[in-house]
Amino acid sequence: MEFLLDPSIWAGLLTLIFLEIVLGIDNLVFIAILADKLPPKQRDKARIIGLSLALLMRLGLLSLISWMVTLTKPLFSVADFSFSGRDLILLFGGVFLLFKATMELHERLENRQHESDGNRSYASFWAVVIQIVILDAVFSLDAVITAVGMVNDLAVMMTAVIIAMGVMLLASKPLTNFVNAHPTVVVLCLSFLLMIGLSLVAEGFGFHIPKGYLYAAIGFSILIELFNQIARRNFVRHQSHRPMRERTAEAILRLMGGRQGSQQVNSETSEVTSVMPKEAFKDEERYMINGVLTLASRSVRSIMTPRGEISWVDAERPLDEIRIQLLDTPHSLFPVCRGELDEIIGVVRAKELLVALDHGIDVATFASATPPIIVPETLDPINLLGVLRRAKGSFVVVTNEFGVVQGLITPLDVLEAIAGEFPDEDETPDIIADGDGWLVKGGTDLHSLQQLLDTQDLVKAEDDHASLAGLLIAQKGQLPLPGDVIELPPLRFQIIEATDYRVDLVRVTKERNEMDDEEA
């Protein structure tokens, strides 16, 4: 036991353990990549078998140390190159590493890890184990030769190899999980294997590449990848603060072929999903999906029928005038008020009120049986849907904080916010194509106009206007006059009709860029 008290023995043992772990990392990384091809239940088994075989192979090679020394003697020569047994093993191992690493890179870059039916295609268990055995043989030779060159005591060599393999066995599962969870790390490791394979081939031909150069290159690449992982983690942390609905909507809008970007990057896995061409969705489908995804971000004011366009029944008017109004208006529902719109008594159906008039029932008394449902203009559109369900086919009245009626919302208004306008018989569409532009009513909803013009610059969260007229007044700083032109590149707005208190009609044109010309 006296040799245990020799400091040189301990120094050599610790140094050799460290070197064996360093030399075994590339072996462990490749085992992790191969094990990922197996079903999850078999990966741990393959990893343990692979490392156990590596340990046995290294111990066996150490016991044949006298034979390994003879591997450096030349066996034959070709041209100016002479080859020993060691050279042939290095050549075979280097070619094997180059082939496997190239195939793995090709498979991952071509994204062929899944079958066409979407089910993962797993490799055979023993096929993976055989590859691990061949890999162990290649890497074990390098590790054993390093041990022989450093220490003369066989017991110290075997002790260092056992301890190093034990450490690798403990670290194998977390390292495997980390490597397989980060595709960029896998590609980096495969690149290392390409470099190691090239160095083995070079040594097989007698060109010695100092290991320090390889380790320096690997260390520098790992440092860069560390920075990359830190940047990705910070990006994911920043993205996590954004609402899930907003992130999901943005991703779907990009997949529909929007102009916000040509690629969608998954920050968790660094996978890049190519944007689907616009032809994958019809224009109507894209419009409706966009309407659904942006509904929650809209205001009630942008959905409602504004106060100035509400048809209402004045209970104080003569019955004959009320009857004529009901018959001449295509609406089926009317708010009944007392003298002014803000004094709502109730909501009635036109045909039921006509029957009540024929029976001489008082209009106010009849309307009071169905009081209106009133919501504030600050209500979220998503919560509005639940209120409309309780209205059972009727409408809800929107008021401000002072109780002044701002507008009303029917289920049709919500449908129009999603699918586009459905004009009544007595009204013209809000947006009409006119040559190379559009004629747009001043009260047109900005969300609908933005979707039609395929732009993202009209609606801003900080703005308090919801109509085209509100946007133009805000840009002008005052009420525009007929003939005025307002530029919001790439859009040009020309006021066609306006009064002293509102904008009625605007002609909108869009500048054509080179990309649009090419698509046309």
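Remember, predicted model here, so these are calculated numbers, not experimental data.

Conventions adopted
Here the residue numbering is sequential within each chain, running from 1 through the sequence in written order. Side-chain atom pairs in this predicted model are given and counted only at pLDDT of 80 or more, local residue features only at pLDDT of at least 70, and totals for whole chains, interfaces and linings cover all residues. Excluding hydrogens and water, the side-chain figures rest on all heavy atoms present in the structure. Here the term buried applies to any residue with accessible area under 20% of the maximum for its type, exposed to any over 50%, and partly exposed to those in between, with areas from a 1.4 Å probe on protein chains only. The way it works is that DSSP assigns letters per residue, a run of H or I at least four long becomes a helix, a run of E at least two long becomes a strand, and they are numbered from the N terminus. This arc is built from the directions going out from the helix axis to the C-beta atoms. Contacts: residue pairs with any heavy atoms within 4.5 Å of one another. Only strands joined by at least two bridges in the DSSP assignment are considered to pair. Between the N-to-C directions of two axes lies an angle of 0 to 180 degrees, each axis being a line fitted to C-alpha atoms and, for a helix, fitted only over the stretch in contact. Salt bridges are defined by distance alone: a side-chain nitrogen of Lys or Arg within 4 Å of a carboxyl oxygen of Asp or Glu.

Undergrad: It is not clear to me how helix α12 (residues 319-328) should be interpreted in this structure. Could you clarify?
TA: Note on helix geometry: an α-helix contains 3.6 residues per turn, so any two residues three or four positions apart are oriented the same way. Inspection of α12 places Ile-322, Gln-325 and Leu-326 among the buried residues, and these make up the whole buried set. The buried side chains of α12 occupy one side of the element, clustering within an arc of 95 degrees when seen end-on. Those residues of α12 that are exposed and aimed more than 90 degrees away from the buried face are Asp-320, Leu-327 and Asp-328. On its buried side, α12 packs onto β6 (313-314), β7 (333-337), α13 (350-358) and α14 (363-367).

Undergrad: Got a minute to help me understand the sheet that holds strand β8 (residues 344-349) in this structure?
TA: Hydrogen bonds along the backbone pair up the strands of a sheet, which may run parallel or antiparallel. Strand order in this open sheet of three strands is β6-β7-β8, and the pairing throughout is mixed. Taken across any chain shown, the strands that pair with only one partner, and hence form the sheet edges, are β6 and β8. As defined by bridge partners, β7 adjoins β8 across five bridges and the pair is classed as antiparallel. From the neighbouring strand, Leu-333 faces β8, where its bridge partner is Arg-349. Packed on one face of the sheet, α13 meets β7 and β8 and runs near 100 degrees to β8.

Undergrad: What's the story with the environment of Val-161 in this structure? I'm lost.
TA: As for its position among the elements, Val-161 is in helix α6 (residues 154-181). Look at Val-161 and you get buried, because its relative accessible area is 2%.

Undergrad: Hey, could you run me through the side chain of Ser-199 in this one?
TA: If you trace the backbone, Ser-199 turns up in helix α7 (residues 183-204). Residues in contact with Ser-199, not counting those within four places in the same chain, are Ile-209 and Leu-214.

Undergrad: Can you walk me through the pairing of strand β13 (residues 437-441) in this structure?
TA: Side-chain positions along a regular strand alternate between the two faces of the sheet. For strand β12 (residues 431-434) and β13, the ladder comprises four bridges, and the chain directions are antiparallel. When the sheet's bridge partners are listed, Ile-431 is paired in β13 with Val-440. Between β12 and β13, which follow one another and run antiparallel, lie two residues, and Gly-435 among them has a positive phi close to 65 degrees. Two strands pair when backbone bridges link them, and β13 and strand β16 (residues 503-510) are joined in this way by five bridges, in the antiparallel orientation. Residue pairing in the sheet places Trp-438 in a bridge with Val-508 of β16.

Undergrad: What should I look at first to understand the pattern of salt bridges in this one?
TA: With the rule as written, the count across this model stands at eleven salt bridges. The residue Asp-430 makes a salt bridge to Lys-441 at a minimum N-O spacing of 3.9 Å. Taken together, the residues span a long stretch of sequence, with Asp-430 in the loop between α16 (411-419) and β12 and Lys-441 in strand β13 at a distance of eleven residues. Linking Arg-507 and Asp-436 is a salt bridge whose minimum nitrogen-to-oxygen distance equals 3.1 Å. With a gap of 71 residues between them, Arg-507 in strand β16 and Asp-436 in the loop between β12 and β13 connect regions that are remote in the sequence. Note on Asp-436: relative accessible area 61%, which makes it exposed. Through salt bridges with shared partners, a single ionic network connects Asp-320, Arg-323 and Asp-358.

Undergrad: Where do I start with the sheet that holds strand β10 (residues 396-399) in this structure?
TA: Spatial ordering of the open sheet is given by β5-β11-β10-β9, a layout of four strands whose pairing is mixed. The open sheet has two free edges, formed respectively by β5 (305-306) and β9 (373-376), since each of these has just one partner strand. Inspection of the sheet shows β9 paired to β10 by four bridges, in the parallel sense. Looking across to β10, one finds that Ile-374 is bridged to Val-397.

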